[in-house]
Amino acid sequence: MSTANLFSGKHYCKLVVAIWIFAVGTIYAEPPAGEGTDFSGSNVFWGDETNGVRIALVIAPLSSSNNVPIHCIPVIKSSITRTNRLHTMNLYFPPPESCYQMTLRDESGNLVAKTAKGKSLGKPITEPLMVKIGGLNSQAGFSMRPIIQNQSEMLTGFSFNVQDYFETTNAGKYRLTYEMRVILPQNAKGNYMTLHTTNLPTTILPAVVADVEIRRSAGK
């Protein structure tokens with residue numbers, strides 16, 4: 001073997017090792033800040049558990065002016081026991097317009113009018129979760145996430161601003177109610193075939209209720 005080929009071979013080996021170390025480090029890296037924790041605090045609102053799953057909203061800020069959005073990030077937690085090595089359960093989410101819906105009430109209990117985006121929520125599921133060629137029907141907007149048992153995880157892909165969904169033109173205190181619908185495939189024989197239809201085993205998680213405030217913008 002020539003010196004040039006030997007030199008190239010050594011560099012190739014080093015490159016392979018470097019890639020392997022990077023890949024291993026990526027797989028076992030610490031989760032993003034906030035994930036895997038027991039979310040708590042004055043800006044975290046939890047709903048009740050049903051079928052081993054519960055949802056929360058992390059909201060910041062709780063009080064803002066009209067020109068500062070109130071940003072919400074859903075958090076999900078599962079207590080369902082799984083015996084696989086990672087103790088994960090595959091949780092499926094419908095397209096956003098079918099996955100969740102919200103209401104906002106003012107201090108008098110009156111419903112706040114929704115924007116066009118807000119009115120788009122709450123639609124029925126019209127596509128199957130799975131397609132026979134290709135698996136998950138991601139083209140229709142379905143998504144899947146492995147949830148680690150007893151670990152709270154942020155669903156940043158479903159984050160939203162309250163003002164994008166409601167006509168919050170008046171200052172005052174408001175009560176936000178948020179519901180999420182998820183798909184929990186059962187292990188019963190033959191149940192998997194229902195995932196190729198629109199008759200899906202969906203679960204509406206108990207609502208999250210949170211109080212927020214809209215203040216008048218400075219100079220108004």
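Everything below is about the structure shown above.
First things first, this report covers the structure right here in the doc. (Residues numbered from 1 in each chain as written. Predicted model: local features only at pLDDT ≥ 70, side-chain atom pairs only at ≥ 80, totals over all residues. Heavy atoms only, no water.)

So, the nonpolar core
Working step 1: By size, the foremost hydrophobic cluster in this structure holds 36 residues, and its most contacted members are Ile76 and Met180.
Working step 2: Elements with a contribution of two residues or more to this core: strand 2 (53-60), strand 4 (71-78), strand 5 (88-93), strand 6 (100-105), helix 4 (162-165), strand 12 (172-183) and strand 14 (208-215).
Working step 3: For this core, the leading source of residues is strand 12, giving five residues.
Working step 4: Those residues in contact with Met180 that lie beyond four places of it in its chain are Ile55, Pro74, Phe93, Cys99, Tyr100, Leu155, Phe158, Thr203, Ile204 and Leu205.
Working step 5: In this structure, Tyr92, Leu129, Met130 and Phe142 belong to the second largest nonpolar core, which totals eight residues. (Core = buried A, V, L, I, M, F, W, Y, C linked by side-chain atoms within 4.5 Å. Buried < 20%, exposed > 50% of the residue type's maximum accessible area, 1.4 Å probe, protein only. Helix = DSSP H or I, 4+ residues; strand = E, 2+ residues; numbered from the N terminus. Contact = heavy atoms within 4.5 Å.)

A word on the pattern of salt bridges
Pairs may arise between side chains of opposite charge once their charged atoms sit close together.
Working step 1: For the coordinates displayed, the defined rule picks out two salt bridges.
Working step 2: The partner of Glu153 in a salt bridge is Arg145, with the nearest N and O atoms 3.1 Å apart.
Working step 3: Judged by its relative accessible area of 4%, Glu153 falls in the buried class.
Working step 4: Asp211 is the partner of Arg175 in a salt bridge, and the nearest nitrogen-oxygen pair spans 2.7 Å. Here Arg175 is found in strand 12, whereas its partner Asp211 is found in strand 14, with 36 residues between them in sequence. (Salt bridge = Lys/Arg side-chain N within 4 Å of Asp/Glu carboxyl O.)

Quick look at unusual backbone geometry
Working step 1: Look at the link from Ala60 to Pro61: it is a cis peptide, with omega at -10°.
Working step 2: By secondary structure assignment, the location of Pro61 is in the loop between strand 2 and strand 3 (63-65).
Working step 3: In this structure, Asn150 takes a positive phi of about 60° despite not being glycine.
Working step 4: Looking at the secondary structure, you find Asn150 in the loop between strand 9 (143-148) and strand 10 (153-154).
Working step 5: Here Asn150 falls in the partly exposed class, since its relative accessible area comes to 46%.

With respect to the pairing of strand 6
Working step 1: Burial of strand 6 is one-sided: the residues Tyr100, Met102 and Leu104 facing one way are buried, the residues Gln101, Thr103 and Arg105 facing the other way are not.
Working step 2: Pairing between strand 6 and strand 12: six bridges, direction antiparallel. Pairing of Arg105 across the sheet is with Arg175, part of strand 12. (Pairing = 2+ DSSP bridges.)

Some details on the environment of Phe160
Working step 1: With respect to the helices and strands, the residue Phe160 is situated in strand 11 (residues 160-161).
Working step 2: Overall, the relative accessible area of 4% leaves Phe160 in the buried class.
Working step 3: Note: C-alpha distance between Phe160 and Ile70 (90 residues apart in sequence) is 8.4 Å.
Working step 4: Apart from the residues lying within four places of it in its own chain, the contact partners of Phe160 are Leu57, Ile70, His71, Cys72, Met102, Tyr165 and Tyr178.

Things to note about the side chain of Thr203
Working step 1: Following the sequence through the fold, Thr203 ends up in strand 13 (residues 202-204).
Working step 2: Excluding residues that lie within four positions of it along the chain, Thr203 makes contacts with Thr50, Asn51, Met180, Arg181, Val182 and Leu184.

What to know about the packing of aromatic side chains
Working step 1: All told, the structure shown has six aromatic pairs when counted by the stated rule.
Working step 2: Arranged with centres 5.8 Å apart and planes meeting at 85°, the rings of Phe160 and Tyr165 form a pair that is edge-to-face.
Working step 3: Relative to Tyr178, the ring of Phe160 lies with its centre 5.6 Å away and its plane at 5°, an arrangement referred to as stacked. Here Phe160, found in strand 11, pairs with Tyr178, found in strand 12; they are 18 residues apart in sequence, far enough to count as distant. Like Tyr178, Phe160 is buried.
Working step 4: Three or more aromatic residues joined by ring pairs form one cluster here, namely Phe93, Tyr100, Phe158, Phe160, Tyr165 and Tyr178. (Phe/Tyr/Trp six-rings, centres within 6.5 Å; stacked < 30°, edge-to-face > 60°.)

Points about the environment of Leu155
Working step 1: Relative to the helices and strands, Leu155 resides in the loop between strand 10 and strand 11.
Working step 2: Overall, the relative accessible area of 3% leaves Leu155 in the buried class.
Working step 3: In this structure the C-alpha to C-alpha distance between Leu155 and Arg145, which are ten residues apart in sequence, comes to 9.3 Å.
Working step 4: Aside from chain neighbours lying at most four places away, what touches Leu155 is Ile55, Ile73, Pro74, Ile76, Phe93, Arg145 and Met180.

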